[in-house]
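# Structure assessment
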Amino acid sequence: EAGVAQSPRYKIIEKRQSVAFWCNPISGHATLYWYQQILGQGPKLLIQFQNNGVVDDSQLPKDRFSAERLKGVDSTLKIQPAKLEDSAVYLCASSLKGGQKYTEAFFGQGTRLTVV
Amino acid sequence: DAKTTQPNSMESNEEEPVHLPCNHSTISGTDYIHWYRQLPSQGPEYVIHGLTSNVNNRMASLAIAEDRKSSTLILHRATLRDAAVYYCILRSPANKLVFGAGTILRVKS
């Protein structure tokens, strides 16, 4: 089966510019996650969607970050304006959710963002 | 979110078993224990999960303490390809997947 697709793989922008990342989850997966992973740290959950509704965005810096998941499938994460400290790998993941059954999450390869 | 505590790093010899510990003293009755690993330059990948009973799959075994306050991921024969960061995660009823710092596993040939 096809995995989680992310694009672009790499992006270099100047500070104060804007950038967008795209994620296509595995077909049928209702739950979608965006993570930020700074070098040497574990992934930090930014936002979690269940279908096209937001379940948790408590760690999302809402003054500059936004995310949407139209029609409960693809998702985009945007940063505007970018800061130097936003340099990180942005990971997208998806999983099934059915009642109390917890299934594994599948991760994409990530987008490596460098802000200069 | 309930927290987990793992050693920063561990080292193993190739072909030997590895026991990766995780403490989760504040686990609630509905939290599942999940393990993921992250190979260099890749996204995390699922390894195993359990609730109360020990679990085995093709990748590893998960031993869960009777009081559920700790667990151990067991790699039966470590290979160089098992060198990665291993994350122990408590998955809440809200289906959140919150990562800690993990344990860096180094495998020596």
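Details of the structure are given in the entry above.
Residues numbered from 1 in each chain as written. Chains lettered and ligands numbered in written order. Predicted model: local features only at pLDDT ≥ 70, side-chain atom pairs only at ≥ 80, totals over all residues. Heavy atoms only, no water.

Turning next to the overall build of chain B. Helix and strand counts for chain B stand at zero helices and nine strands. In sequence order, the secondary structure elements of chain B are arranged as β-β-β-β-β-β-β-β-β. Rg of the C-alpha trace for chain B: 13 Å, near the compact-globule value of 13 Å for 109 residues, within the 12% margin. With respect to the principal axes defined by its C-alpha atoms, chain B has extents near 40 × 30 × 25 Å. The buried share of chain B, reckoned over its 109 residues, is 46%. Surface exposure of chain B reaches about 5500 Å², of which carbon and sulfur atoms provide 48%. Here chain B carries 11 positive and 10 negative side-chain charges, and the mean point of each set is 5 Å from the other. (Helix = DSSP H or I, 4+ residues; strand = E, 2+ residues; numbered from the N terminus. Rg over C-alpha atoms; globule rule 2.2 N^0.38 Å. Buried < 20%, exposed > 50% of the residue type's maximum accessible area, 1.4 Å probe, protein only. Areas by Shrake-Rupley, 256 points an atom, 1.4 Å probe, with all protein chains shown as cover. Lys, Arg positive; Asp, Glu negative; His and termini not counted. Charge placed at Lys NZ, Arg CZ, Asp CG, Glu CD.)

A separate point is the packing of aromatic side chains. Tallied over the entire structure, the rule returns ten aromatic pairs over all chains. Where A:Tyr35 meets B:Phe99, the ring centres are 5.5 Å apart and the plane angle is 90°; that geometry is what we call edge-to-face. Remark: B:Phe99 occurs in the loop between strand S8 (84-91) and strand S9 (103-108) and A:Tyr35 occurs in strand S4 (residues 31-37); the pair is interchain, linking two chains. Residue class for A:Tyr35 comes out buried when judged on its relative accessible area of 0%. (Phe/Tyr/Trp six-rings, centres within 6.5 Å; stacked < 30°, edge-to-face > 60°.)

Residues and elements named next belong to chain B. With respect to the helices and strands, the residue His24 is situated in the loop between strand S2 (18-23) and strand S3 (32-38). Here His24 falls in the buried class, since its relative accessible area comes to 0%. At 2.8 Å, the side chain of His24 and the backbone oxygen of Arg68 are in polar contact. With near-sequence residues (within four places) excluded, His24 lies in contact with Lys3, Thr4, Ile33, Arg68, Lys69, Ser70, Ser71, Cys88 and Leu90. (Polar contact = N/O pair within 3.5 Å; in protein donor to acceptor, adjacent residues only side chain to side chain. Contact = heavy atoms within 4.5 Å.)

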